[in-house]
Amino acid sequence: MSPTPPAPIRLGVNVDHVATLRQARGTPYPDPVEAALVSAGAGADSITLHLREDRRHIQDHDLTRLISSSPVPVNLELALDDETLAIASRAAPRFACLVPERREELTTEGGLDVAGNLSAVKDACKELADAGILVALFIDPDPRQLEAALRSGAPHIEIHTGRYCERDGAARETELGAIRRFAADAARAGLEVHAGHGLTAQNVGPIAAIGEIVELNIGHALIARSVFVGLPAAIGEMRRAMLSARNPAETDE
């Protein structure tokens, strides 16, 4: 018998840093909604945006405009914040991902501590689910967090890949092994498994090759690369890197 082919892998494009560039000058451009539409046309399977409490990049009007215009599903990242949860419930994107958030951080620094905040996470998952939103939890590949995630009511998790991306050599291989085991355990337990943070076309291959991971959410590297080659080309490069790692016998033309 031939081996079972791996499940398809999706690419979610995060457009936050288009809004970062806009907010730096207070201009109406570049528009993250336009970037989302370009991304969808270039092969993005979904669009991710993070509505931070301090509104440092994405603004409320970006979310409402994107949900009304995007031809692909919208994935809203948000913290355990009552105001943002209420906005998410009213806007009703297809997906939401609960993430940790500190005003002082440049970017998300690690996974959500579901185990330490289980009651609040469960309440947030229920509130979002009641609005018809599929919820993911952005967590480190830690068995304690998986156990808590299974108790939260969220159907999806997103594995934080930041430490894998930051390390080299043996340390990176150690992180990769932890991600592989965690993804297998989560999928076996019935969760849909996503991954993201710090991924580039150069380091995405080993993560994309993990068969249990069915979605990668990538933003900063794509927006940075697009400065030089354009957003459709940057997305094409990433998709080819992902798909060639997933199934080396095929290419994404």
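Chemist: Would you mind going over the overall build of the protein with me for this structure?
Modeler: A count of helical and extended segments in the protein gives eleven helices and eight strands. A globule of 253 residues ought to have a C-alpha radius of gyration of about 18 Å, and the protein, at 17 Å, matches this closely. Counting only C-alpha atoms and orienting by the principal axes, one finds that the protein spans roughly 55 × 45 × 35 Å. Taking the contacts inside the protein whose residues are at least 6 apart along the sequence as the reference set, 66% of them involve residues at least 24 apart. Mean positive and mean negative side-chain charge positions of the protein (25 and 36 charges, respectively) differ by 1 Å.

Chemist: Can you walk me through the sheet that holds strand β3 (residues 74-78) in this structure?
Modeler: Hydrogen bonds between backbone atoms are what pair the strands of a sheet, whose relative direction is either parallel or antiparallel. Strand order in the closed barrel formed by eight strands is β1-β2-β3-β4-β5-β6-β7-β8, with parallel pairing between adjacent strands. Across the sheet, the mean angle from the axis of one strand to that of its neighbour is 25°, orientation sign disregarded. As defined by bridge partners, strand β1 (residues 10-14) adjoins strand β8 (residues 213-218) across four bridges and the pair is classed as parallel. By the bridge assignment, L11 is partnered in β8 with L216. The strands touched by helix α8 (residues 169-188) are β5 (134-139), β6 (156-160), β7 (192-196) and β8; relative to β6, the strand with the most contacts, the crossing angle is about 175°.

Chemist: Quick question: what am I supposed to make of the packing of aromatic side chains here?
Modeler: Two measures describe an aromatic ring pair: the distance that separates the ring centres and the angle between the ring planes. In total, this model carries zero aromatic pairs according to the counting rule given. Across the ring face of F95, the terminal group of R94 is positioned such that the distance to the ring centre comes to 5.7 Å. The ring of Y164 carries R172 above its face, with NZ or CZ at 4.9 Å from the centroid.

Chemist: What am I meant to see in the nonpolar core here?
Modeler: Side chains that are nonpolar tend, in soluble globular proteins, to be buried together. Counting 70 residues, the largest nonpolar core has L98, L137, I157, I207, I213, L216 and I218 as the members making the most contacts within it. Among the elements that line this core, the one with the most residues is helix α11 (residues 231-246), at six residues.

Chemist: What is the right way to look at helix α2 (residues 32-41) in this model?
Modeler: An α-helix turns once every 3.6 residues. As a result, residues three or four positions apart point the same way. If you check which residues of α2 are buried, you get P32, V33, A35, A36, S39 and A40. For α2, the angular spread of the buried residues around the axis is 155°, confining them to a single face. The exposed residues of α2 that point more than 90 degrees off its buried face are E34 and G41. Two or three places before V33, at the start of α2, stands the capping residue D31, its side-chain oxygen 3.0 Å from that residue's backbone nitrogen. After α2 finishes, the residue G43 shows a positive phi value of roughly 115°.

Chemist: Can you help me understand the pairing of strand β2 (residues 46-50) in this one?
Modeler: Along any regular strand the residues' side chains alternate between the sheet's two faces. Most of β2 is tucked away, with five of its five residues classed as buried. Here β2 shows a buried face lined by S46, T48 and H50 and a second buried face lined by I47 and L49. Taken together, the three bridges between β1 and β2 define a ladder with parallel strand orientation. The partner of V13 across the bridge, within β2, is I47. With four bridges joining them, β2 and β3 adopt parallel strand pairing. Directly across from I47, in β3, lies its bridge partner V74. Of the crossover connections in this fold, the one passing from β2 over helix α3 (residues 60-69) to the parallel β3 is right-handed.

Parameters and conventions
- Residues numbered from 1 in each chain as written.
- Predicted model: local features only at pLDDT ≥ 70, side-chain atom pairs only at ≥ 80, totals over all residues.
- Heavy atoms only, no water.
- Helix = DSSP H or I, 4+ residues; strand = E, 2+ residues; numbered from the N terminus.
- Rg over C-alpha atoms; globule rule 2.2 N^0.38 Å.
- Contact = heavy atoms within 4.5 Å.
- Lys, Arg positive; Asp, Glu negative; His and termini not counted.
- Charge placed at Lys NZ, Arg CZ, Asp CG, Glu CD.
- Pairing = 2+ DSSP bridges.
- Axes fitted to C-alpha atoms, helices over the stretch in contact; angles between N-to-C directions.
- Phe/Tyr/Trp six-rings, centres within 6.5 Å; stacked < 30°, edge-to-face > 60°.
- Lys NZ or Arg CZ within 6 Å of the ring centre and 35° of its normal.
- Core = buried A, V, L, I, M, F, W, Y, C linked by side-chain atoms within 4.5 Å.
- Buried < 20%, exposed > 50% of the residue type's maximum accessible area, 1.4 Å probe, protein only.
- Arc of directions from axis to C-beta.
- Polar contact = N/O pair within 3.5 Å; in protein donor to acceptor, adjacent residues only side chain to side chain.
- Right-handed = clockwise from strand over helix to strand, strands pointing away.

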